[in-house]
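# Observations on chain architecture
If you want the building blocks of each chain, they are given just below.
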Amino acid sequence: MAETPGLLRQWKILQVLSARRLGVTVQELADDTGVNLRTIRRDLKLFQQLGLPLEEQAGTNGKKFWRIAEEGRLPALQLTVEEAAALYVGQRLLEPLAGTVFWKSSREAFEKIRTRLGPAALRHLEKLAEGFHQTAVGKTDYSSKAELIDQLVFAIEERRLSVLTYQSLRSTEPVTLYDVHPYALVFHKGALYLVGWSCDHDEIRTFKVDRISDVDVQGLQFPKPREFQIEKHLAGAFGLIRSDGSPTTVRVRFRRTVVRILEEKQFHDSQMLTKRRDGSADVEFRLTAFEEFLAWILSFGPHAEILEPPYLREELAETLRGTLDVYERSRPSDSPPISPPPRSNRPSAPN
């Protein structure tokens, strides 16, 4: 039997222990998951260290069984319809992770809720859920990559060298093979990314999971740097693109028409906002890379102005001049003036 990846194996062990109230032997768990007895015992010990109420008992013939202690079992959950609706809405927000073990388990949990509710309650629940909607802009469907993602999780957990079949956005080749030490998966703007040490580039690189067509997990384990933490690694990035250089202070002035957006949401951990008398605000960021940041600033149009550093201000101005030049050159010389659309047809922004 093929070995079950670590996270899925532990998930399955918990499922078996929950279902078999009389207990299960270590050998049976090993047979179910395709690993050796030592690995199963290590998993059970980990569960106990995490505070899960597991106990080992001897049967009538001396055979030992592992089970969940009776006093540690969760009592039947009593949920109101509104609580069930809240769980349902939360589950819908996991749809971008369709195909992963967490998404599957949330669906199974919700199906249990559905079976406990009557038709009237279900209609009410669906009516409440219709009041929430997640837009599909940039949405990625990972249902076809479930096995690939499981392999990446296994490689991260077990620190296994992995060979990625990958096609980068700028690649001139159909596919490229990369030897990678996987460190972490990052969910960013509706997409999954793998961060790890690329042996081919001799540095930490980020790989978009959408562009990985195959993962070959090797038996060779790698030593993960103790000092590596994904939060610290991405601290100077405005998303995923980063640099090893020292952070630079960036100061931007936002017009009062958009200041509330900055007050409502923290776009970066280093964000510091200072209100001005005219209602505008100066906002400071500490960043090591600027590509994603500049794209974000451009989304505010004339309502945001980079004040410093000067070279970043000039870079954005050059981008705007280039963009304007494209539209000016592509516009027919004899084209009539463009009139704005009728007010009823103009797009509306959130208040």
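Residues numbered from 1 in each chain as written. Predicted model: local features only at pLDDT ≥ 70, side-chain atom pairs only at ≥ 80, totals over all residues. Heavy atoms only, no water.

### A look at the environment of Glu-55
Among the secondary structure elements, Glu-55 is positioned in strand β1 (residues 54–58). Counting along the chain gives ten residues from Glu-55 to Phe-65, while the straight-line C-alpha distance between them is 8.3 Å. When near neighbours in sequence (up to four residues on either side) are disregarded, Glu-55 contacts Phe-65, Trp-66, Arg-67 and Ala-69. A polar side-chain atom of Glu-55 sits 3.3 Å from a polar atom in the side chain of Gln-57. A polar contact is formed between the side chain of Glu-55 and the side chain of Arg-67, at a distance of 2.7 Å. (Helix = DSSP H or I, 4+ residues; strand = E, 2+ residues; numbered from the N terminus. Contact = heavy atoms within 4.5 Å. Polar contact = N/O pair within 3.5 Å; in protein donor to acceptor, adjacent residues only side chain to side chain.)

### What to know about the packing of helix α10 (residues 291–298) against helix α11 (residues 310–330)
Any two packed helices are characterised by the angle at which their axes cross and by the distance between the axes. In contact at an axis separation of 11 Å, α10 and α11 are set at 60 degrees when each is read in the N-to-C sense. Relative to α11, the element α10 lies oblique. Crossing angle aside, the handedness with which α10 passes α11 is right-handed. Contact residues: α10 offers Phe-293, Leu-294, Ile-297 and Leu-298, while α11 offers Leu-312, Glu-315, Leu-316, Thr-319 and Leu-320. For the contact of α10 with α11, the per-class residue count stands at seven nonpolar, one polar and one charged. (Axes fitted to C-alpha atoms, helices over the stretch in contact; angles between N-to-C directions. Parallel < 35°, antiparallel > 145°, perpendicular 65-115°, else oblique. Left-handed = near helix turned anticlockwise from the far one by under 90°. Nonpolar A, V, L, I, M, F, W, Y, C, P; charged D, E, K, R; others polar.)

### Details of the sheet that holds strand β9 (residues 272–275)
Here four strands make up an open sheet; going across it, the order is β9-β10-β8-β11 and the pairing antiparallel. The open sheet terminates on both sides in strands that have one partner only, identified here as β9 and β11 (304–308). On average, each strand axis in the sheet is inclined to that of its neighbour by 25 degrees, with strand direction left out of account. Two strands pair when backbone bridges link them, and strand β8 (residues 248–254) and β11 are joined in this way by four bridges, in the antiparallel orientation. The residue bridging Val-252 from the neighbouring strand is Ile-306, located in β11. The strands touched by α10 within the sheet are β8, β10 (281–287) and β11, with β8 carrying the most contacts at an inclination of about 5 degrees. Set on the sheet, α11 makes contact with β8 and β11; between it and β11 the angle comes to about 145 degrees. (Pairing = 2+ DSSP bridges.)

### Considering the layout of surface pockets
Computed from the structure, the second largest pocket encloses a volume of approximately 940 Å³. Around the second largest pocket sit 24 residues that line it, and Arg-170, Thr-206, Arg-211, Leu-240 and Ile-241 are the ones nearest its centre. For the lining of the second largest pocket, the elements supplying multiple residues, two or more each, are β4 (176–188), β6 (203–208) and α10. Counting residues per element, the lining of the second largest pocket draws most heavily on β6, which supplies six residues. Its residues placed into classes, the lining of the second largest pocket shows eight nonpolar, six polar and ten charged. (1 Å grid on protein atoms, 1.4 Å probe; cavity = no way out; pocket = protein on both sides within 12 Å on 5 of 7 lines; lining within 4 Å. Points joined across faces, edges and corners; volume = space filled by probe spheres on them.)

### Examining the sheet that holds β6
Read from one edge to the other, the open sheet built from five strands follows the order β6-β5-β4-β3-β7, with strand pairing classed as antiparallel. Edge positions in the sheet fall to β6 and β7 (212–221), since each has one partner strand and no second. Shown here is a sheet whose adjacent strand axes are inclined to one another by a mean of 45 degrees, direction ignored. Bridge count for strand β5 (residues 191–198) against β6 is six bridges, and the pairing is antiparallel. Within β6, the position partnered with Gly-196 by the bridge is Arg-205. Contacting β3 (160–166), β4, β5 and β7, helix α7 (residues 146–158) crosses the sheet at an angle of about 25 degrees to β7.

### What about the packing of helix α2 (residues 26–33) against helix α3 (residues 37–49)?
Here α2 crosses α3 at 105 degrees, and the two axes come no closer than 9 Å. As the angle between them shows, α2 and α3 are arranged roughly perpendicular. For the pair formed by α2 and α3, the contact residues are Val-26, Gln-27, Leu-29, Ala-30 and Thr-33 on the first element and Leu-37, Ile-40, Arg-41 and Leu-44 on the second. Per-class residue counts for the contact of α2 with α3 are six nonpolar, two polar and one charged.

### Observations concerning the packing of aromatic side chains
Given two aromatic rings, their pairing is described by the distance between the two centres and the angle made by the two planes. Across all of its chains, the model carries 16 aromatic pairs by this definition. Between Tyr-178 and Phe-207, the ring centres sit 5.7 Å apart and the planes meet at 50 degrees, which makes this aromatic pair tilted. One end of the pair, Tyr-178, is in strand β4; the other, Phe-207, is in strand β6, with 29 residues separating them in the sequence. When sorted by exposure, Tyr-178 lands in the same class as Phe-207, which is buried. Both rings, one in Phe-254 and one in Phe-300, keep their centres 5.2 Å apart while their planes meet at 75 degrees; by these two values the pair is edge-to-face. One end of the pair, Phe-254, is in strand β8; the other, Phe-300, is in the loop between α10 and β11, and 46 residues separate them in sequence. (Phe/Tyr/Trp six-rings, centres within 6.5 Å; stacked < 30°, edge-to-face > 60°. Buried < 20%, exposed > 50% of the residue type's maximum accessible area, 1.4 Å probe, protein only.)

### A closer look at the pairing of β9
Looking at chain direction, β9 and β10 are connected through four bridges and run antiparallel. Residue pairing for β10: Met-272 is matched across the bridge by Glu-284. What sits between the antiparallel neighbours β9 and β10 is a turn of five residues, in which Gly-279 has the positive phi angle 95 degrees.

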